[in-house]
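Geometric and topological summary
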Amino acid sequence: MASTTFTSLLCFCMVLEIFLSLVSGGSSASISSLQNDFVQCLNLNSDLPIPMSTFYTQKNSSFDSVLQSSAQNLRYLVTSVPKPALIFTPQTEAHVQSAVICSKQLGIHLRVRSGGHDYEGLSYVSMTETLFIMMDLANLRSVTVDIGDNSAWIQAGATIGE
Ligand SMILES: *[C@@H]1O[C@H](CO)[C@@H](O)[C@H](O)[C@H]1NC(C)=O
């Protein structure tokens, strides 16, 4: 009984996944319009212009090295695993806020990678969304210790030992 339920659930999920991948397409035309829409939206939702150097498209020669930079599980870097349509490397917290607003506004799936302590690859791979953006917080790694009030603020991109 339980296994029948499980099997039908599994079938349903597979059908749903095929349906979603048909609906969302994934051609290079939609990749570049997604990139444009996202960059444009970020600039509209930001007080200062966001430098183009914070974006890495798939065509950029540094795309792979940025993607690999803090990936701990090399199994998720092979060619058959879906890659983000765009990597965004925010420089300030305000950039992060704009990215969240824009991904919601444009209905773009956003994956967020912090220090990279992620062996499941969930922060830089999506098997369900054909088009997704990866926001890499590597630039946000400051560590502020306040001895006076016994507190420390550590940004999400910091890694152990920093
Ligand atoms: C790759 O992207 C980075 C960051 O946006 C940019 O600084 C660099 O010029 C790009 N390189 C090429 C070859 O397009």
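Before any of the text, the structure's been laid out above.
Analysis parameters
- Residues numbered from 1 in each chain as written.
- Predicted model: local features only at pLDDT ≥ 70, side-chain atom pairs only at ≥ 80, totals over all residues.
- Heavy atoms only, no water.
- Salt bridge = Lys/Arg side-chain N within 4 Å of Asp/Glu carboxyl O.
- Helix = DSSP H or I, 4+ residues; strand = E, 2+ residues; numbered from the N terminus.
- Buried < 20%, exposed > 50% of the residue type's maximum accessible area, 1.4 Å probe, protein only.
- Core = buried A, V, L, I, M, F, W, Y, C linked by side-chain atoms within 4.5 Å.
- Contact = heavy atoms within 4.5 Å.
- Pairing = 2+ DSSP bridges.
- Axes fitted to C-alpha atoms, helices over the stretch in contact; angles between N-to-C directions.
- Disulfide = S-S within 2.5 Å.
- Near = heavy atom within 4 Å.
- Polar contact = N/O pair within 3.5 Å; in protein donor to acceptor, adjacent residues only side chain to side chain.
- Areas by Shrake-Rupley, 256 points an atom, 1.4 Å probe, with all protein chains shown as cover.
- Nonpolar A, V, L, I, M, F, W, Y, C, P; charged D, E, K, R; others polar.

Observations concerning the pattern of salt bridges
Following the criterion strictly, the structure yields 2 salt bridges and no others. R113 is the partner of D136 in a salt bridge, and the nearest nitrogen-oxygen pair spans 2.8 Å. You can see D136 sitting in strand 4 (residues 132-136) and its partner R113 sitting in strand 3 (residues 109-113), a full 23 residues away along the chain. Assessed through its relative accessible area of 2%, D136 is described here as buried. With its nearest N and O atoms 2.8 Å apart, the salt bridge here joins R141 to E162. Note that R141 is positioned in the loop between strand 4 and strand 5 (143-146) and E162 in the segment after strand 6 (151-154), a separation of 21 residues in sequence. Residue class for R141 comes out partly exposed when judged on its relative accessible area of 34%. Accessibility expressed as a relative area gives 47% for E162, which makes it partly exposed.

Focus: the nonpolar core
Among the nonpolar cores identified, the biggest contains 21 residues, and F38, L42, F55, F88, I133 and M135 are the most heavily contacted of them. Contributions of two or more residues to this core are made by helix 2 (28-44), strand 2 (86-88), helix 4 (93-106) and strand 4. If one sorts the elements of this core by residue count, helix 2 sits on top with 6 residues. If near-sequence neighbours (up to four positions away) are discounted, M135 is found in contact with F88, P90, V96, A99, L110, R111, V112 and R113. Counting 11 residues, the second largest nonpolar core, distinct from the first, contains Y56, L77, V81 and M134.

Remarks on the sheet that holds strand 3
Strand order in the open sheet formed by 4 strands is 1-2-4-3, and the pairing between neighbours is mixed. The strands lining the two open edges of the sheet, one partner per strand, are strand 1 (55-57) and strand 3. For this sheet the average axis-to-axis angle between neighbouring strands, irrespective of direction, equals 20°. Here helix 4 sits on the sheet in contact with strand 2, strand 3 and strand 4, set at roughly 155° to strand 3.

Overview of the pairing of strand 6
Look at any regular strand and the pattern is simple: side chains alternate between the two faces of the sheet. Looking at chain direction, strand 5 and strand 6 are connected through 4 bridges and run antiparallel. Bridged to T144 within strand 6 is W153. Remark: 4 residues form the turn of the hairpin made by strand 5 and strand 6, two consecutive strands paired antiparallel; N150 in that turn has positive phi of roughly 55°.

Let's talk about the environment of S32
Within the secondary structure, S32 is located in helix 2. In this structure S32 comes out as partly exposed when scored by relative accessible area, which is 32%. The spatial distance from the C-alpha of S32 to the C-alpha of L86 is 9.2 Å, given a sequence separation of 54 residues.

Some remarks on the state of the cysteines
In the structure shown here, the tally under the stated rule is 1 disulfide. Covalent S-S linkage joins C41 and C102, the inter-sulfur distance amounting to 2.2 Å. Between C41 and C102, the S-S torsion sits near -90°, and that sign places the bridge as left-handed. Of this pair, C41 sits in helix 2 while C102 is found in helix 4, placing the two residues 61 residues apart along the sequence. The pair C41 / C102 is uniform in exposure class, with both members buried.

Some points on the site of the ligand
Close to the ligand lie M52, S53, F55, Y56, N60 and S61. Within the contact set of the ligand, an oxygen atom lies 3.0 Å away from a backbone nitrogen or oxygen of M52. The contact in question runs from an oxygen atom of the ligand to an N or O atom on the backbone of F55, over 2.5 Å. Here the ligand loses 48% of its free accessible area of 360 Å² to cover by the protein chains. Each residue belonging to the shell around the ligand can be placed in one class, and the counts come to 3 nonpolar, 3 polar and no charged.

Worth remembering: the numbers are spatial, not functional.
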